[in-house]
Amino acid sequence: MAVATAAALLAALGGALWLVSRRFVGSRAQRLHEHGDPGLMHGKTVLITGANSGLGRATAAELLRLGARVIMGCRDRARAEEAAGQLRRELAQAAGPAPDAGWAGELIVKELDLASLRSVRAFCQELLQEEPRLDVLINNAGIFQCPYMKTEDGFEMQFGVNHLGHFLLTHLLLGLLKSSAPSRIVVVSSKLYKYGDINFEDLNSEQSYNKSFCYSRSKLANILFTRELARRLEGTNVTVNVLHPGVVRTNLGRHIHIPLLARPLFSLVSWAFFKSPLEGAQTSIYLASSPEVEGVSGRYFGDCKEEELLPKAMDESVARKLWDISEVMVGILK
Ligand SMILES: NC(=O)c1ccc[n+]([C@@H]2O[C@H](COP(=O)([O-])OP(=O)(O)OC[C@H]3O[C@@H](n4cnc5c(N)ncnc54)[C@H](OP(=O)(O)O)[C@@H]3O)[C@@H](O)[C@H]2O)c1
Ligand SMILES: *[C@@H]1O[C@H](CO)[C@@H](O)[C@H](O)[C@H]1NC(C)=O
Ligand SMILES: *[C@@H]1O[C@H](CO)[C@@H](O)[C@H](O)[C@H]1NC(C)=O
């Protein structure tokens, strides 16, 4: 009995030590990736969708630190202003009282609801009037496995926000990106694209709704969109790349119900195994700012390195068909 108890205690202690060491190694990896060059993004304007939370917020913080002018495109002004206030305070603290505190970027909040084509159009109209240039567009906002919902325009919510809203946004900002070249577009997808398919016969999931499938489908659409856009942008000095961030502790799981009793365990597992938002944002930051990827386009990245795609994500005919149908759906057919 005593032996069994001692063994259980030892196992628990070993497990706890192992978890802590995982965290420690994780945070070391994070520091290794921190690009130290303040001023790298000085004079550059970056638009980040969904920048008030999770990966978008961490990406905004780092690009600000690198000197960028960051526009946060967010659906909820109050949440966005709160996040912006925090980011400004963190930046001021990091800079310290020194008068020559390096390049401190500038932060602007704008309303953008990707579940409304009207909102996307209004946002772009204002941005095009106010901003003389746009150097980086980061299509980051996303919604994950929500119950069946439709956007203002009647699209299935995950396909509508993750793909179609960003499709129209990118289309409307492409002229400004081209006139600001060399410029970059960064698309945040997910490894879960593997479980999706572009089922052209039911893009709004009116016949049946499977929330996991629809998330995966929207993330596959992000990759196909990137590859088709890269093809169309050849020779313009506007590049577009797509990434998966890994599994990251953010608010993305808000629609996932975890039973009350399982929550402590889930917190422990996510603390031990999930990346922090800053760790998860490293590939977005890298693709947005690193000189290493100057001129690189149409590629898929994870942990700041190029990765291979499944054949279904490289299918050019599906990519073209998705592009054409997306143009019809958002109403921009020439
Ligand atoms: N976390 C992960 O493990 C993981 C893994 C793979 C891929 N990703 C991808 O990473 C991206 C960022 O997600 P996250 O993990 O940082 O989640 P998050 O913390 O939930 O952030 C998502 C952001 O998207 C915004 N958003 C949602 N619907 C929107 C709409 N209709 N219009 C405008 N903005 C909208 C949210 O705004 P509100 O705060 O107002 O809701 C929030 O700012 C997503 O594209 C996601 O698919 C995440
Ligand atoms: C829903 O979609 C996922 C991913 O495509 C699949 O693994 C799962 O079996 C589907 N569920 C149902 C009930 O069809
Ligand atoms: C792209 O950049 C190269 C190198 O800076 C330049 O020579 C070329 O004119 C640019 N092309 C366009 C279309 O801007």
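The text that follows walks through the structure, step by step, so that each part is easy to find. (Residues numbered from 1 in each chain as written. Chains lettered and ligands numbered in written order. Predicted model: local features only at pLDDT ≥ 70, side-chain atom pairs only at ≥ 80, totals over all residues. Heavy atoms only, no water.)

**Thoughts on the nonpolar core**
Of all hydrophobic cores here, the largest spans 53 residues; its most connected members are L47, L169, L173, L177, I185 and L229. Ranked by residues supplied to this core, first place goes to helix 5 (residues 157-179) with 11 residues. Ignoring anything within four residues of it in the chain, the contact list for L229 reads T170, L174, I185, V240 and W323. Core analysis: the next-biggest nonpolar cluster, separate from the first, contains 36 residues, V70, C74, L243 and V248 among them. (Core = buried A, V, L, I, M, F, W, Y, C linked by side-chain atoms within 4.5 Å. Buried < 20%, exposed > 50% of the residue type's maximum accessible area, 1.4 Å probe, protein only. Helix = DSSP H or I, 4+ residues; strand = E, 2+ residues; numbered from the N terminus. Contact = heavy atoms within 4.5 Å.)

**Overview of a nonpolar patch on the surface**
The grouping of L265, L268, V269, W271 and F273 at the surface amounts to a nonpolar patch, some 450 Å² of accessible area in total. Within the secondary structure, L268 sits in helix 7 (residues 263-273). (Patch = residues over 30% accessible without salt bridge, like charges linked within 9 Å, V, L, I, M, F, W, Y side chains within 5 Å. Areas by Shrake-Rupley, 256 points an atom, 1.4 Å probe, with all protein chains shown as cover. Salt bridge = Lys/Arg side-chain N within 4 Å of Asp/Glu carboxyl O.)

**Some words on the packing of helix 6 (residues 211-232) against helix 10 (residues 316-330)**
Axes are the key here: two packed helices are described by the angle between their axes and the distance separating the axes. Contact geometry of helix 6 with helix 10 gives a least axis separation of 9 Å together with a crossing angle of 90°. In terms of their interaxial angle, helix 6 and helix 10 are classed as roughly perpendicular. On helix 10, the residues that touch A221, L224, F225, E228, L229, R231 and R232 of helix 6 are V318, A319, R320, L322, W323 and D324. Residue composition of the contact of helix 6 with helix 10, by class: 8 nonpolar, no polar and 5 charged. (Axes fitted to C-alpha atoms, helices over the stretch in contact; angles between N-to-C directions. Parallel < 35°, antiparallel > 145°, perpendicular 65-115°, else oblique. Nonpolar A, V, L, I, M, F, W, Y, C, P; charged D, E, K, R; others polar.)

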